[in-house]
Amino acid sequence: MGCDGGTIPKRHELVKGPKKVEKVDKDAELVAQWNYCTLSQEILKRPIVACELGRLYNKDAVIEFLLDKSAEKALGKAASHIKSMKSVTELKLSDNPAWEGDRGNTKGDKHDDLQRARFICPVVGLEMNGRHRFCFLRGCGCVFSERALKEIRAEVCHTCGAAFQQDDVIVLNGTKEDVEVLRKRMDERRLRAKQEKKTKKPKAAESVSSAGVSEDLPGPSKIKSCKPEDPGLEKKGPSAPRGAAVSGTSSGKAGKPPGAAPKRSIADSEESETYKSLFTTHSSAKRPKEESAHWVTHTSYCF
């Protein structure tokens, strides 16, 4: 039954013990969190945004996710809390001058230092590689280390000077406890925003109704007592004769003004015959019946 050829099996080959739990490489996990997008699993490229739970995304990937929320995407659960572009904040990151990237890797044989980060804290100078806790402000999007926030306590941003509150500080790629705290803040913030919208609607309706009531009420100009008008100001003009008005209305045509000049024909004028021959009313323009055609035309020159 086996062991032919002088093979000697060992105990671990014959006895199956409990399986060892596979440990996740911490360095690989940090690289995946801080260098790759949570949605598309691609390398982070500017513009980079962060959600209210502190996860990093490419802005293009978030836009594609919002346009096509299909259930087939397995990574869609990681961004299910993102309802619109207002749910994310574009980050203002400071480049690391010591990071070369692919500039010196022309042959493809250069060793990639995973501990070297692309971005640093603009206040303290710590690298954003996961070894140190980093956070950003939800209002302005500036990113700096938590050590800078603790050492330099202020109510304004260290980089741009914008005012912020403690609830606006969001930890990037925090622990499970940090994510739970941030989720509670996010739910409270959204509930507060809904309540504010509900309170604004009746206020707007009241303002519109009050404006309508104010328009209906008489103003100071309407309340003033009306004085009897001066009878001398209104003078009636000479009334037209009644018979002329009746004849004008019965005929249906407006009467000619009294000062209008009578029409004068060219034939009765005292102009020369050469000038009169230019018009169709002249005798030279009329054709005799012998010369007229046997068909009917619609020209104005045919009489």
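Refer to the preceding data block for the structure.
Because the structure is predicted, anything quoted here is derived from the model rather than measured. (Residues numbered from 1 in each chain as written. Predicted model: local features only at pLDDT ≥ 70, side-chain atom pairs only at ≥ 80, totals over all residues. Heavy atoms only, no water.)

**Student:** What should I look at first to understand the sheet that holds strand E8 (residues 169-171) in this one?
**Tutor:** Pairing between sheet strands relies on hydrogen bonds along the backbone, with the strands arranged either parallel or antiparallel. Taken together, three strands build an open sheet; the order of strands is E7-E6-E8 and the sheet is antiparallel. One side of each edge strand has no neighbouring strand; the edge strands of this open sheet are strand E7 (143-145) and E8. Averaged over all pairs of adjacent strands, the angle between strand axes in this sheet comes to 35°, irrespective of strand direction. Pairing geometry for strand E6 (residues 134-137) and E8, over three bridges, is antiparallel. Across the sheet, cysteine 135 pairs through a bridge with valine 171, a residue of E8. (Pairing = 2+ DSSP bridges. Helix = DSSP H or I, 4+ residues; strand = E, 2+ residues; numbered from the N terminus. Axes fitted to C-alpha atoms, helices over the stretch in contact; angles between N-to-C directions.)

**Student:** What is the right way to read the environment of cysteine 135 from this model?
**Tutor:** Take cysteine 135: it is sitting in strand E6. Spatially, the C-alpha atom of cysteine 135 lies 8.8 Å from that of leucine 149, the residues being 14 residues apart in sequence.

**Student:** Can you walk me through the layout of surface pockets in this structure?
**Tutor:** Space left empty within the atom packing is revealed by a probe, the size of a water molecule, rolled over the atoms. Of the volumes computed, that of the second largest pocket is approximately 520 Å³. As for the second largest pocket, its lining consists of 25 residues, of which Glu29, Gln33, Trp34, Asn173 and Gly174 are closest to the centre. At the level of secondary structure, the elements contributing two or more residues to the lining of the second largest pocket comprise helix H2 (26-35) and helix H5 (176-216). (1 Å grid on protein atoms, 1.4 Å probe; cavity = no way out; pocket = protein on both sides within 12 Å on 5 of 7 lines; lining within 4 Å. Points joined across faces, edges and corners; volume = space filled by probe spheres on them.)

**Student:** Can you help me understand the pattern of salt bridges in this one?
**Tutor:** Two side chains of opposite charge can pair, provided their charged atoms sit close to one another. Inspection of every chain in the model, using the stated rule, returns eight salt bridges. Ionic pairing is found between arginine 131 and aspartate 27, a salt bridge with its closest N-O pair at 2.6 Å. Taken together, the positions of arginine 131 in the loop between strand E5 (119-120) and E6 and aspartate 27 in helix H2 put the pair 104 residues apart, joining distant regions of the chain. Put simply, lysine 59 and glutamate 90 hold a salt bridge, and the shortest N to O gap is 3.4 Å. Of this pair, lysine 59 sits in helix H3 (residues 59-67) while glutamate 90 is found in strand E3 (residues 88-90), placing the two residues 31 residues apart along the sequence. The class of glutamate 90 is partly exposed, set by a relative accessible area of 42%. Three or more residues joined by partner-sharing salt bridges are found here, namely Glu52, Arg189 and Arg190. (Salt bridge = Lys/Arg side-chain N within 4 Å of Asp/Glu carboxyl O. Buried < 20%, exposed > 50% of the residue type's maximum accessible area, 1.4 Å probe, protein only.)

**Student:** For this particular structure, what's the right way to read unusual backbone geometry?
**Tutor:** One can expect most non-glycine residues to show negative phi and most peptide bonds to be in trans. Residues arginine 46 and proline 47 are joined by a peptide bond in cis, for which omega reads 5°. Tracing the backbone shows proline 47 in the loop between H2 and strand E1 (48-51). The backbone of glutamine 41 sits at a positive phi, close to 60°, despite the residue not being glycine. Mapped onto the fold, glutamine 41 is located in the loop between H2 and E1.

**Student:** Where do I start with the nonpolar core in this structure?
**Tutor:** For soluble globular proteins, the rule of thumb is that nonpolar side chains tend to be buried together. Among the nonpolar cores identified, the biggest contains 41 residues, and Leu39, Tyr57, Leu91, Met128, Phe134, Val143 and Leu172 are the most heavily contacted of them. The contacts of leucine 172, once residues within four sequence positions are left out, are Trp34, Ala50, Gly54, Leu56, Met128, Phe134, Cys135, Phe136 and Val143. (Core = buried A, V, L, I, M, F, W, Y, C linked by side-chain atoms within 4.5 Å. Contact = heavy atoms within 4.5 Å.)

**Student:** In this structure, what is going on with the packing of aromatic side chains? I would like to understand it.
**Tutor:** How two aromatic rings sit relative to each other is set out by the distance from centre to centre and by the angle between their planes. Tallied over the full model, the rule gives one aromatic pair. A centroid spacing of 6.4 Å and a plane angle of 70° characterise the contact between tryptophan 34 and phenylalanine 134, whose relative ring orientation is edge-to-face. Of the two residues, tryptophan 34 is situated in helix H2 and phenylalanine 134 in strand E6; the sequence distance between them amounts to 100 residues. Note on tryptophan 34: relative accessible area 6%, which makes it buried. For phenylalanine 134, a relative accessible area of 0% translates into the label buried. (Phe/Tyr/Trp six-rings, centres within 6.5 Å; stacked < 30°, edge-to-face > 60°.)

**Student:** Would you take a moment to explain the side chain of asparagine 96 for this structure?
**Tutor:** Tracing the backbone through its elements, the reader meets asparagine 96 in the loop between strand E4 (94-95) and E5. Only 3.2 Å separates the side chain of asparagine 96 from the backbone nitrogen of alanine 98, close enough to count as a polar contact. For asparagine 96, the side chain forms a polar contact with the side chain of glutamate 127, separated by 3.3 Å. Sequence-distant contacts of asparagine 96, that is, excluding residues within four places in its chain, are made with Arg116, Ala117, Arg118, Phe119, Ile120 and Glu127. (Polar contact = N/O pair within 3.5 Å; in protein donor to acceptor, adjacent residues only side chain to side chain.)

**Student:** I would appreciate a short explanation of H3 in the present structure.
**Tutor:** Three- or four-residue spacings in an α-helix give side chains the same orientation, since the helix completes a turn every 3.6 residues. By the burial criterion, the buried members of H3 are Ala61, Val62 and Phe65. Along the axis of H3, the buried residues cluster in a sector spanning 100°; they form a single face. For H3, the exposed residues set more than 90 degrees away from the buried face come down to Asp60, Glu64 and Leu67. Packed against the buried residues of H3 are E1 and strand E2 (56-58). (Arc of directions from axis to C-beta.)

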